[in-house]
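One letter stands for each residue in the lines below.
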Amino acid sequence: MPRTAMVKIDPKDYKKDDLIKVNTVIMHPMDTGLVKDKESGKYIAANHITDVEVYYGDERITTMKLSGSVSANPFISFYVKATKTAPLKIIWKDNKGDVTEKVIDINVG
Amino acid sequence: MNRRELLKGAALAVSGLTFGSSLLSNVFAVELADAPPPKKPYEEALKEITGGKTVTDSDKVKLIAPEIAENGAVVPVTVEVELPIEQVKAIHILADKNHNARTMSVEFTPANGKAYISTRIRLAESMNVVAIAQLADGSFIKAQKPVKVTIGGCG
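Residues numbered from 1 in each chain as written. Chains lettered and ligands numbered in written order. Predicted model: local features only at pLDDT ≥ 70, side-chain atom pairs only at ≥ 80, totals over all residues. Heavy atoms only, no water.

A.B. asks: What is the right way to read the interface of chain B and chain A from this model?
C.D. replies: Listed by partner, the interface residues are 37 residues for chain B and 39 residues for chain A. Taken over both partners, the interface formed by chain B and chain A buries close to 3200 Å², and the fraction arising from carbon and sulfur atoms is 57%. Between the two partners, chain B and chain A, sit 2 salt bridges. Across the pair D34 of chain B and K42 of chain A runs a salt bridge, and its minimum N-O distance is 3.3 Å. (Contact = heavy atoms within 4.5 Å. Buried area = accessible area lost by both parts, 1.4 Å probe. Salt bridge = Lys/Arg side-chain N within 4 Å of Asp/Glu carboxyl O.)

The structure is reproduced here in structure tokens:
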């Protein structure tokens, strides 16, 4: 089931070949697998984002690998160079096969 | 708005919240496991990244992390490599005393324009945060910073 995610770019006004900062956040518990459940005494199974992929048009521009050591509701920001008018697609995948996608448009006129 | 309306509104909002969270916990039911995931100490993580190559300290890697983190569950970390993006292949963030020391790896392409990553990580105790940059010529450079943690973040 897709999770809630947000993508915002900074600055909002940009020209061709400007560097844009992309701020992303996804609601995810990022369970490390190290926390014990109080009732059963067992461990709460690891459930965290493992892969984040960024596509600009057809090209995959950034690939990230995450472990459970990243905080809950992971916030990630990175840069993109606005070279063309194309959708910027961010895909989050977790270790249980959950996939969330978010698309924003980069428009350089 | 008078006081009575405000209180009513607040009560409604709170009941809405609890209803919402009970729904959420049903959707994302917690699974249990008998054992924690395997440990990955710092040396192993480092070897996985570099393949045994030497990593040299460099002031080209800018690592921004707090000196003292009150809450180890949310430690903001920013890494920037002050080299042209064509020369930087990837940035790796490691936390040397965490259960899984390898925290995050980011592979860049020239379309990024700048080798920069900012995120928030967990630290189980006071330890070094290490940022390793993998360069296009196959070499590795790093920067590290000790972070003091008052409350651990890995459970």
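Having put the structure on the table, let's press on.
A.B. asks: Looking at this structure, how should I read the pattern of salt bridges?
C.D. replies: In a structure, side chains of opposite charge can pair up when their charged atoms sit close to one another. Under the defined criterion, the tally for this structure stands at 11 salt bridges over all chains. Its salt-bridge partner being E48 of chain B, residue K40 of chain B comes within 3.2 Å of it at the nearest N-O pair. Connected through shared salt-bridge partners, E53, R60 and K93 of chain A make up one network.

A.B. asks: Even after reading the chapter, I still don't get the packing of aromatic side chains, so can you show me in this structure?
C.D. replies: Two aromatic rings, taken as a pair, are described by how far apart their centres are and by the angle between their planes. The final tally for this structure, using the stated rule, is 1 aromatic pair over all chains. Relative to Y116 of chain B, the ring of Y79 of chain A has its centre 4.9 Å away and its plane inclined at 80 degrees; by these criteria the two rings are edge-to-face. Placement of the pair is Y79 of chain A in strand 6 (residues 75-81) and Y116 of chain B in strand 8 (residues 116-121), with the two residues belonging to separate chains. Like Y116 of chain B, Y79 of chain A is buried. Above the plane of the ring of Y56 of chain A lies K84 of chain A, whose end atom (NZ or CZ) is 5.1 Å from the centre. One cation-aromatic arrangement involves R120 of chain B over F75 of chain A; the distance from NZ or CZ to the ring centre is 4.5 Å. (Phe/Tyr/Trp six-rings, centres within 6.5 Å; stacked < 30°, edge-to-face > 60°. Helix = DSSP H or I, 4+ residues; strand = E, 2+ residues; numbered from the N terminus. Buried < 20%, exposed > 50% of the residue type's maximum accessible area, 1.4 Å probe, protein only. Lys NZ or Arg CZ within 6 Å of the ring centre and 35° of its normal.)

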